[in-house]
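Structure at a glance
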Amino acid sequence: MLLEGDDLVPISVRYRDIERTFEGLPTHKIGHCLCGLAVSEKRSIFSCPMDSDERCTWNECKLLGLRSAAVVPLIRGDQVFGIVGLGSESERHYEHQEDFIETLSSVIANGMNNALLFAQEQQRLREAEVLRQAASSITARLDLKEVLEGILDGLVVVIAYDSAALFLRREGYLHLLAGRGFPDSTKLLGAKFPEDEFTNQVCKTHRPLVLEDALAVDDFKRWGDVDYIRGWMLLPLIARKKVIGFMSVESQIPEAYEETDAEFATAFANQAAIAVDNAQLFEATKKRQDDLSILFDVSQLLASTMQMESVLQLIAKYATQLRGLGSGAIYLIDEESLFLGATTPPLPENFPAELRRANLAEHPHIAKALSSRKPVIIADVSETSLSTAECEVVELRSLCSIIYIPLLAGARLVGALILASTNGVREFLPDEIEMYQSLANQAALTIENVRLYEASRHHASELEKRVAERTKELQTLVNLMAGREVRMAELKKTIKKLRKQLVDAGMEPIANDPLLEPGYFDKKIRD
């Protein structure tokens, strides 16, 4: 018999040169019957006669007609791993042959030990080959969807199942991203479930959880309301010492899985977790590169124009298209007033300017984003209290989930960027929010630059206007000065003519030309 946990399991029995099987017979417990005592006391146990020995509680030996027995523990190191038992139909005192029997048991123990080690090594080699084959379906992939499908392909090689599901932990929920064997997997894929006591236990212990019969467990939650799950395992996906998800393995047969199955499947789950983590890192890196590329392209477009209306429309358009949203808008702030600068889809060209203006107090979610200087999210408009003005916008634009992002140019509040889904409720992930905030910051700086450009153009226009007015005044003065010179020249000619006429008439002019003698009139006045 070999020891398995607290049980002694019959391995080989020979009676009168006939090999017998013990299928269906109860196992021995440590400390019970002669065999169990040999294990617990780590010494040989002898019995003669057996029929009157109260220690012998296993009736099968007595039914065979055995009257004498010797049970010797098989010891490896200092641990008992089984027993070898001898029995006789006649009364024999085996204790008289104790030395021989124990020597024989030592030889048997060494042989058994070698055989067990060889069997274990062969089993490990088989398991390693199975894991290698299973891992080959995922190690060469970086696309997350392909990795998840590859894990389910590999799991079939590792352990039999009727259905299986892969969950990743995101934002406090379990997202079912891949599944096999369910009546309608399409309804389950993409669904999210709250974590429960089973997942919390696995997260805490980092150990797999096995249920012999899930149908008998009241708190067990069945994915997709399937009622056939009996045997069940929950395996943690651990990467960088964190549980990033779970693998659910399900069978229609009760007690389909044991702890040894869970341990073997966990070895594959550990490889799967590394593949999933690498795929997520690759996906995040690629998404970040794509986001930076988009931000660069948007910055180039924004730099190509200095017209405020065009800039606002470009921001609303590309921010909405960035992650496939259905609606976007930009509000500029002026003290306690809001001005709707642009929307996607665009407003009609003849949309009245007075309808673009709104009171900030009538839009509390915009006000909250501006006052906190942080994004504000409405996960589901149907479950959120909205103001009358907000309800009108939601109904007009068919909005479902909304994010309000403040436009900050340094410490200055410029306005708010509002983005929303229109084809159903959706979740705004952290990297997505970060992307929107980066775009909003860039947009705010562009808006400020356009404002500075418009202000400088207005100032330059005012300066040009003032210069033109001053130039006109100077030209008028010059013109007046030029007219005076002409009149003075004419006056000089007239005086010269008069003097000549007086001289020709024999008269001496009393006055000289005042234009030729400065101060002439002043002198005459003094005289």
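This structure is a prediction, so every number in the text was calculated from the model and none was measured.

This paragraph deals with the side chain of Ser-47. Tracing the chain through its elements places Ser-47 in strand 6 (residues 45-47). Reaching out from Ser-47, the side chain makes a polar contact with the side chain of Asp-53 at a distance of 2.7 Å. With residues near it in sequence (within four places) discarded, Ser-47 still touches Leu-34, Asp-53, Arg-55, Arg-67, Ser-68 and Ala-69.

You can see Val-243 is positioned in strand 14 (residues 242-251). Taking the C-alpha atoms as reference, Val-243 lies 7.4 Å from His-206; in sequence the two are 37 residues apart. The residues touching Val-243, leaving out its near neighbours within four places in the chain, are Arg-169, Cys-203, His-206, Pro-236, Leu-237 and Ile-238.

All right, on to a nonpolar patch on the surface then. There is a patch of nonpolar side chains on the surface, built from Leu-474, Leu-477, Leu-480 and Met-481 and spanning about 400 Å² of accessible area. Within the secondary structure layout, Met-481 lies in helix 11 (residues 430-504).

To continue, consider the pairing of strand 16 (residues 337-344). Walk down a regular strand and you will see the side chains alternate between the two sheet faces. The buried fraction of strand 16 is high, at six of eight residues. Across seven bridges, strand 15 (residues 327-334) lies against strand 16 in antiparallel orientation. Within strand 16, the position partnered with Ile-333 by the bridge is Leu-338. Connecting strand 15 to the antiparallel partner strand 16 that follows it, the hairpin turn spans two residues, and Glu-335 within it adopts a positive phi of roughly 60 degrees. As judged from the three bridges shared by strand 16 and strand 17 (residues 357-359), these two strands associate in the antiparallel manner. Bridged to Phe-339 within strand 17 is Arg-357.

Here we come to helix 8 (residues 308-321). Working note: α-helix, 3.6 residues per turn, so residues spaced by three or four point in the same direction. Compared with the 20 Å implied by 1.5 Å per residue over 14 residues, the 20 Å span of helix 8 between its first and last C-alpha is a close match. Inspection of helix 8 places Met-308, Val-311, Leu-312, Leu-314, Ile-315, Ala-316, Ala-319 and Thr-320 among the buried residues, and these make up the whole buried set.

So, about the pattern of salt bridges. If you walk through the whole model with that rule in mind, you get 13 salt bridges. Residues Asp-53 and Arg-55 are paired through a salt bridge, measuring 2.9 Å at the closest nitrogen-oxygen approach. Glu-195 is the salt-bridge partner of Arg-169, the closest N and O atoms lying 2.9 Å from each other. Note that Arg-169 is positioned in strand 9 (residues 163-170) and Glu-195 in the loop between strand 11 (192-194) and helix 6 (197-205), a separation of 26 residues in sequence. A residue is classified by how much of its surface remains accessible, and Glu-195, at 22% relative accessible area, is partly exposed. Salt bridges here are not isolated pairs; linked through shared partners, they connect Asp-51, Arg-67 and Glu-91.

Right, let's get into the side chain of Glu-250. Relative to the helices and strands, Glu-250 is located in strand 14. A distance of 2.4 Å separates a polar atom in the side chain of Glu-250 from a polar atom in the side chain of Ser-163.

With that out of the way, let us pick up helix 4 (residues 144-158). Here helix 4 spans 21 Å end to end across 15 residues, near enough to the 21 Å set by a 1.5 Å rise per residue. Those residues of helix 4 that fall on the buried side of the exposure criterion are Leu-144, Val-147, Leu-148, Gly-150, Ile-151, Leu-152, Gly-154, Leu-155 and Val-158. For helix 4, the capping residue at the N-terminal end is Asp-143, with a side-chain oxygen 3.3 Å from the backbone nitrogen of Lys-145.

The next point concerns the packing of aromatic side chains. Under the criterion given, the structure shown has four aromatic pairs. Look at Phe-167 and Phe-193: their rings are 6.2 Å apart centre to centre, the planes differ by 75 degrees, and that puts the pair in the edge-to-face class. Remark: Phe-193 occurs in strand 11 and Phe-167 occurs in strand 9; sequence separation between them is 26 residues. Here Phe-167 falls in the buried class, since its relative accessible area comes to 1%. A network of ring pairs unites the aromatic residues Phe-198, Phe-220 and Trp-232 as a single cluster. Arg-76 extends its terminal NZ or CZ atom over the ring of Phe-81, reaching a point 4.9 Å from the ring centre. Above the plane of the ring of Tyr-173 lies Lys-192, whose end atom (NZ or CZ) is 4.5 Å from the centre.

Rules used throughout
Residues numbered from 1 in each chain as written. Predicted model: local features only at pLDDT ≥ 70, side-chain atom pairs only at ≥ 80, totals over all residues. Heavy atoms only, no water. Helix = DSSP H or I, 4+ residues; strand = E, 2+ residues; numbered from the N terminus. Polar contact = N/O pair within 3.5 Å; in protein donor to acceptor, adjacent residues only side chain to side chain. Contact = heavy atoms within 4.5 Å. Patch = residues over 30% accessible without salt bridge, like charges linked within 9 Å, V, L, I, M, F, W, Y side chains within 5 Å. Areas by Shrake-Rupley, 256 points an atom, 1.4 Å probe, with all protein chains shown as cover. Salt bridge = Lys/Arg side-chain N within 4 Å of Asp/Glu carboxyl O. Buried < 20%, exposed > 50% of the residue type's maximum accessible area, 1.4 Å probe, protein only. Pairing = 2+ DSSP bridges. Expected span 1.5 Å × (residues − 1). Phe/Tyr/Trp six-rings, centres within 6.5 Å; stacked < 30°, edge-to-face > 60°. Lys NZ or Arg CZ within 6 Å of the ring centre and 35° of its normal.

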